[in-house]
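Chain residues, written in single-letter form:
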Amino acid sequence: MAAQDRRKKRLDRSIKVRSEGLYSLSSWREMTYLLAPRLLLIGGLLVSPLLLDLYWQKVLCAAGIMAVLAMGFDFLAAYVGLVCLGGAMFIGFGGYAAGLLNAHLGLPPLLTIPLAAVIGACVSTVVLMPCLRLRGVYFAIVTFMLPLFATHIIIALELFGSTEGITGLDILPNPWWEQYVIVLTLLCVLFALRRLVTEDVGLIMMGIKDNDQAVLASGISIFKYRVLAVFVAALTGCFVGAYQAHLYGWLGLSLFAMDFSILPIAATVMGGMGTLSGAVIGALILTPLSEALRGFGQLRVVLYCSILLLFILYKPEGLMNYFERKYHQFERWEKV
Amino acid sequence: MANDILLDVEALSKSFGGVQAVVGVAFTLSRGDVLGIIGPNGAGKTTLINLLTGFVKPDRGRVVYKGHDITGMAPNRIANLGIARTFQIIRPYHSLPAYKNLILPLNSPRIKKSPEGRLGDLDSVAIDILEEIGFERDARVPYKLAGSLPLGYQKKLELARCIALKPEIILCDEVFSGLSMAEITSMIPLLEKMIMEGMTLIMVEHRLRELFRVANRVLVMNFGCKIAEGHPQETMARDDVKAAYIGGGTRR
């Protein structure tokens, strides 16, 4: 058939199947249709530690850390309207809190990680509180500077081992622990955040993003909800920060590295803003990709940036939005 | 009930840099009043609304609501006390469906703490309010994204968001502006119904004919000052009011 004789017909799947969970219970087909992509991600993540070799297992851990940070970034940017480049701060505060608890008080990692998550989140929230009045790029600049600020305070006052850091922290009992802690954290954070944004609290946060003045006129304190949102994001970020300190048994200034602020953004852009699961997919692609390109040395950054640039230019909606749309469509060629 | 004073405004002033937006405006509002605030562009009407609702802090003067001084309070606290407002430039939550727009006021401390606040499913309460305000013609409309609705519906949504707060006073900032005649005529019965139910309203408006159908008192502003107040027709008949509206004013 010549090209002009046919056209592609696209049909959307019924909205009932997509939006009403109860309806899908009516048949196995609809249930599989809804559950398959979810089970693919969950199953894939749970099985992958069994299939990978030692090197790629470590990459999986690093990718998991990025994925959780990316979700935190996506949540704050797309649902609350706070563009937060403070991933490095969350990792740093969480990591230092866990490391210090372990080195000075001798607490075991399974206790320090949750404890450090809470302590780090509280500290981060208090530090960010005065900046919550800022919006858009101004908030981004402040959050970008705070990790640098923390680094220089640590160097100047020679705190916590200064530039050397503290080595010899307890590590997690065995590689299985290392991987399943991060995989389960990732899944819990993903589904908890997805739930949160559809609750009333999430609606209020989206309202703040759309129009903060109108939220005030509705008698709701925007400050309170922004604090809550930042705390939630910081909690997840500090948790993986603490995990990272125990993963390598070491804490130091590189916990405040810019990578933790920048890579989550790249992952979110690639995966699709506002999807949360897109941020995870982005991180799970970009981190291993960056490892695979290690052979190229400095050229790696160029390749990496080109991929990002291509996405921003040609697929600004991101992978997740694209595949979700395609998944919900039937396509066939039709004679004109 | 005539002496039941809800709002007492004393010598309210605000200047932005060198511009005096509101100068010593004073008035009282009793329960059930419908006060129209009119005046030429730039007369300070919207600033007055912003001062009353806390979005702008006054330089001088006092706002007393039911005996409590609310001058300079945070906007969300004033809203929680029962003073709701609409915005001249409508501010819907674009990315939420229309009925979800009402979930926000329904989650405010004012509604949560009221006895009926905890009862029922908020979504259906929201749909009920939207039906009351005139979303009934097409059952799909409440589920559409607020940003995609026609202006008439968005203006009604602004009002609905106020009503959801169960306020004692609603300050309407130009609810008629930008609407077609048909849309205005569908809006007036809603306002009349609210007034019948005893709602106290302050309406900033340029559409005088429509305003006078509902307002029982007008306050005329010019260059930030109150120049007249009283019964609508009598006030409009005054020479200084005519001069302010038609312009000139120096001719005698």
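Here the structure is a predicted model, which is why all the values come from computation and not from measurement.

A. Representation of the overall build of chain B in the model. From N to C terminus, chain B includes 11 helices and 10 strands. In terms of overall dimensions, chain B is globule-like: its C-alpha atoms have a radius of gyration of 18 Å, near the 18 Å expected for 252 residues. Projected onto the principal axes, the alpha-carbon positions of chain B cover approximately 60 × 40 × 40 Å. Every one of the 252 residues in chain B was classed for burial, and the buried ones make up 43%. Counting contacts in chain B only where the partners sit at least 6 residues apart, residues at least 24 apart contribute 68% of the total.

B. How the structure looks around the overall build of chain A. When helices and strands are counted, chain A shows 15 helices and 4 strands. Taken over the C-alpha trace, chain A has a radius of gyration of 22 Å; the compact-globule value for 336 residues is 20 Å, and the two agree within 12%. By principal-axis analysis of the C-alpha atoms, chain A measures approximately 75 × 55 × 40 Å. Every one of the 336 residues in chain A was classed for burial, and the buried ones make up 43%. Residue pairs in contact within chain A that sit at least 24 positions apart in sequence constitute 77% of those at least 6 positions apart.

C. Structural context of the nonpolar core. Residue and element names in this part refer to chain A. In this structure, Ala67, Ala70, Met71, Cys238, Ala242, Val280 and Ala283 are the most contacted members of the largest nonpolar core, which totals 164 residues. Tallying contributions element by element places helix 4 (residues 54-80) first for this core, with 17 residues. Setting aside anything within four residues of it in sequence, one finds Met71 in contact with Val189, Leu190, Leu193, Thr236, Leu276, Ala279 and Val280.

D. Structural context of the interface of chain A and chain B. The interface of chain A with chain B comprises 16 residues on the first partner and 22 residues on the second. Of all the secondary-structure elements, those providing two or more residues to the side of chain A that touches chain B are helix 9 (200-210) and helix 10 (212-217) of chain A. Residue classes in the side of chain A that touches chain B are distributed as 8 nonpolar, 6 polar and 2 charged.

E. The packing of helix 3 (residues 28-51) of chain A against helix 8 (residues 175-198) of chain A, seen in detail. Residues and elements named next belong to chain A. Between helix 3 and helix 8, whose axes approach to 9 Å, the crossing angle comes to 170 degrees. One finds that helix 3 runs roughly antiparallel with respect to helix 8. Taken together, the residues of helix 8 that come into contact with helix 3 (itself represented by Ile42, Leu45, Leu46 and Pro49) are Trp176, Gln179, Tyr180, Val183, Leu186 and Leu187. For the contact of helix 3 with helix 8, the class distribution of residues is 9 nonpolar, 1 polar and no charged.

F. Representation of the sheet that holds strand 4 (residues 60-65) of chain B in the model. Residue and element names in this part refer to chain B. Strand order across the open sheet formed by 4 strands is 2-1-4-5, with antiparallel pairing between neighbours. The outermost strands of the open sheet, each flanked by one partner alone, are strand 2 (19-30) and strand 5 (68-69). Two strands pair when backbone bridges link them, and strand 1 (residues 5-16) and strand 2 are joined in this way by 8 bridges, in the antiparallel orientation. Looking at the pairing, Lys14 lines up with Val22 of strand 2. Relative to the sheet, helix 1 (residues 45-53) contacts strand 1, strand 2 and strand 4, its axis offset from that of strand 2 by approximately 65 degrees.

G. Spatial organisation of the confidence of the model for chain B. Of all residues in chain B, 94% have pLDDT values of 70 or greater, and the mean over the chain is 84. Reported confidences for the modelled complex are a pTM of 0.85 and an ipTM of 0.83.

H. Looking closely at the confidence of the model for chain A. Scored by pLDDT, chain A has a mean of 84; 95% of the residues are at 70 or more. The element-level mean pLDDT for chain A is lowest in helix 1 (residues 15-19) of chain A, coming to 60, with helix 11 (residues 222-248) of chain A highest at 91.

I. Inspection of the pairing of strand 4 (residues 329-335) of chain A at higher detail. Residue and element names in this part refer to chain A. Strand 4 sits mainly on the outside: 0 of its 7 residues count as buried. In the sheet, strand 1 (residues 6-12) pairs with strand 4 via 7 bridges, with the strands oriented antiparallel. Note that in strand 4 the partner of Leu11 across the bridge is Phe330.

J. Representation of the sheet that holds strand 6 (residues 83-85) of chain B in the model. All names here are of chain B. Judged by pairing direction, the sheet is mixed, and its 6 strands sit side by side in the order 6-7-8-3-9-10 without closing on themselves. Single-partner strands in this sheet number two, and they are strand 6 and strand 10 (225-230). Looking at each pair of strands side by side, their axes are set apart by 20 degrees on average, direction ignored. Across 3 bridges, strand 6 lies against strand 7 (residues 169-173) in parallel orientation. Its bridge partner being in strand 7, Arg85 is matched across the sheet by Leu171. Contacts between helix 1 and the sheet are confined to strand 3 (34-38), strand 6, strand 7, strand 8 (200-204) and strand 9 (217-222), with strand 7 contributing the most and set at about 150 degrees to the helix.

K. Focus on helix 8 (residues 181-196) of chain B. Residue and element names in this part refer to chain B. In this model, helix 8 (16 residues) spans 23 Å end to end at C-alpha, consistent with the 22 Å of a helix rising 1.5 Å per residue. Among all positions of helix 8, only Met187, Leu191 and Met194 are buried. Along the long axis of helix 8, the arc covered by the buried residues comes to 55 degrees, so they all point the same way. What points out from helix 8, more than 90 degrees from its buried face, is the exposed set Met181, Ala182, Thr185, Pro189, Lys193 and Met196.

L. Summary view of unusual backbone geometry. Within the chain, Leu276 of chain A stands out as a residue other than glycine whose phi angle is a positive 65 degrees. Here Leu276 of chain A lies in the loop between helix 12 (259-271) and helix 13 (277-292). Phi at Lys166 of chain B is positive, roughly 45 degrees, even though this residue is not glycine. In this fold, Lys166 of chain B is placed in the loop between helix 7 (151-163) and strand 7.

How each quantity is defined
- Residues numbered from 1 in each chain as written.
- Chains lettered and ligands numbered in written order.
- Predicted model: local features only at pLDDT ≥ 70, side-chain atom pairs only at ≥ 80, totals over all residues.
- Helix = DSSP H or I, 4+ residues; strand = E, 2+ residues; numbered from the N terminus.
- Rg over C-alpha atoms; globule rule 2.2 N^0.38 Å.
- Buried ≥ 20, exposed ≤ 12 C-beta atoms within 10 Å, placed from the backbone.
- Contact = placed C-beta atoms within 7 Å.
- Core = buried A, V, L, I, M, F, W, Y, C linked by C-beta atoms within 7 Å.
- Nonpolar A, V, L, I, M, F, W, Y, C, P; charged D, E, K, R; others polar.
- Axes fitted to C-alpha atoms, helices over the stretch in contact; angles between N-to-C directions.
- Parallel < 35°, antiparallel > 145°, perpendicular 65-115°, else oblique.
- Pairing = 2+ DSSP bridges.
- pLDDT = per-residue confidence, 0-100.
- Expected span 1.5 Å × (residues − 1).
- Arc of directions from axis to C-beta.

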